[in-house]
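# Understanding the architecture of this molecule
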Amino acid sequence: MSLRSFASPDTEFRIVPSGSPPSVDGLAITEPKFLECTECGARIRIDGPEGHTTTIDNLPHERDCDQRDVVSRDYVERFVR
């Protein structure tokens, strides 16, 4: 499997807003809550203001997802090289 960058023009991900009031999840309705793959719908919760560890590498893609090979530069530098 070859690895592609999340910044490549042929990849697409989206930030999904909370959609619920702060009383439900502590986030404003329009505040970012999930990072989502547009191909398979895999989602992961975006960390709060103090914990910026959510990355494209954390998405639990479906096995047949065309974007399963998309990773960050940090991932390549840490685990591939």
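Residues numbered from 1 in each chain as written. Predicted model: local features only at pLDDT ≥ 70, side-chain atom pairs only at ≥ 80, totals over all residues. Heavy atoms only, no water.

## A look at the overall build of the chain
Within the chain, the secondary structure is distributed over two helices and five strands. Considered along the principal axes of its C-alpha atoms, the chain spans approximately 45 × 25 × 20 Å. In the chain, which comprises 81 residues, the proportion classed as buried is 28%. For the chain, restricting intrachain contacts to residue pairs at least 6 apart in sequence, the fraction spanning at least 24 positions comes to 34%. Accessible surface computed for the chain: about 5,800 Å², of which carbon and sulfur atoms make up 50%. When the 10 positive and 15 negative side-chain charges of the chain are each reduced to one mean point, those points stand 2 Å apart. (Helix = DSSP H or I, 4+ residues; strand = E, 2+ residues; numbered from the N terminus. Buried < 20%, exposed > 50% of the residue type's maximum accessible area, 1.4 Å probe, protein only. Contact = heavy atoms within 4.5 Å. Areas by Shrake-Rupley, 256 points an atom, 1.4 Å probe, with all protein chains shown as cover. Lys, Arg positive; Asp, Glu negative; His and termini not counted. Charge placed at Lys NZ, Arg CZ, Asp CG, Glu CD.)

## Points about the packing of aromatic side chains
Evaluated as defined, the whole model comprises one aromatic pair. Residues Tyr75 and Phe79 carry aromatic rings whose centres are separated by 5.2 Å and whose planes lie at 50° to one another, so their mutual orientation is tilted. Residue Tyr75 and its partner Phe79 are both found in helix 2 (residues 73-80); the two are separated by four residues, about one turn of the helix. A residue is classified by how much of its surface remains accessible, and Phe79, at 59% relative accessible area, is exposed. Note that Arg43 overlies the ring of Phe34, its terminal NZ or CZ placed 4.7 Å from the centroid. (Phe/Tyr/Trp six-rings, centres within 6.5 Å; stacked < 30°, edge-to-face > 60°. Lys NZ or Arg CZ within 6 Å of the ring centre and 35° of its normal.)

## Notes on the nonpolar core
Counting eight residues, the largest nonpolar core consists of Phe13, Leu35, Cys37, Ala42, Ile56, Leu59, Cys65 and Val70. Beyond its immediate stretch of four places on either side in the chain, Phe13 contacts Phe6, Leu35, Glu36, Cys37, Thr38, Ile56, Leu59, His61, Gln67 and Val70. (Core = buried A, V, L, I, M, F, W, Y, C linked by side-chain atoms within 4.5 Å.)

## Notes on the environment of Glu62
One can find Glu62 in the loop between strand 4 (43-45) and strand 5 (70-71). With a relative accessible area of 46%, Glu62 lands in the partly exposed category. Put simply, Glu62 and Gly41 are 21 residues apart on the chain and 8.5 Å apart in space, counted from C-alpha to C-alpha. If we ignore the near neighbours within four places in the chain, the residues touching Glu62 are Cys40 and Arg68.

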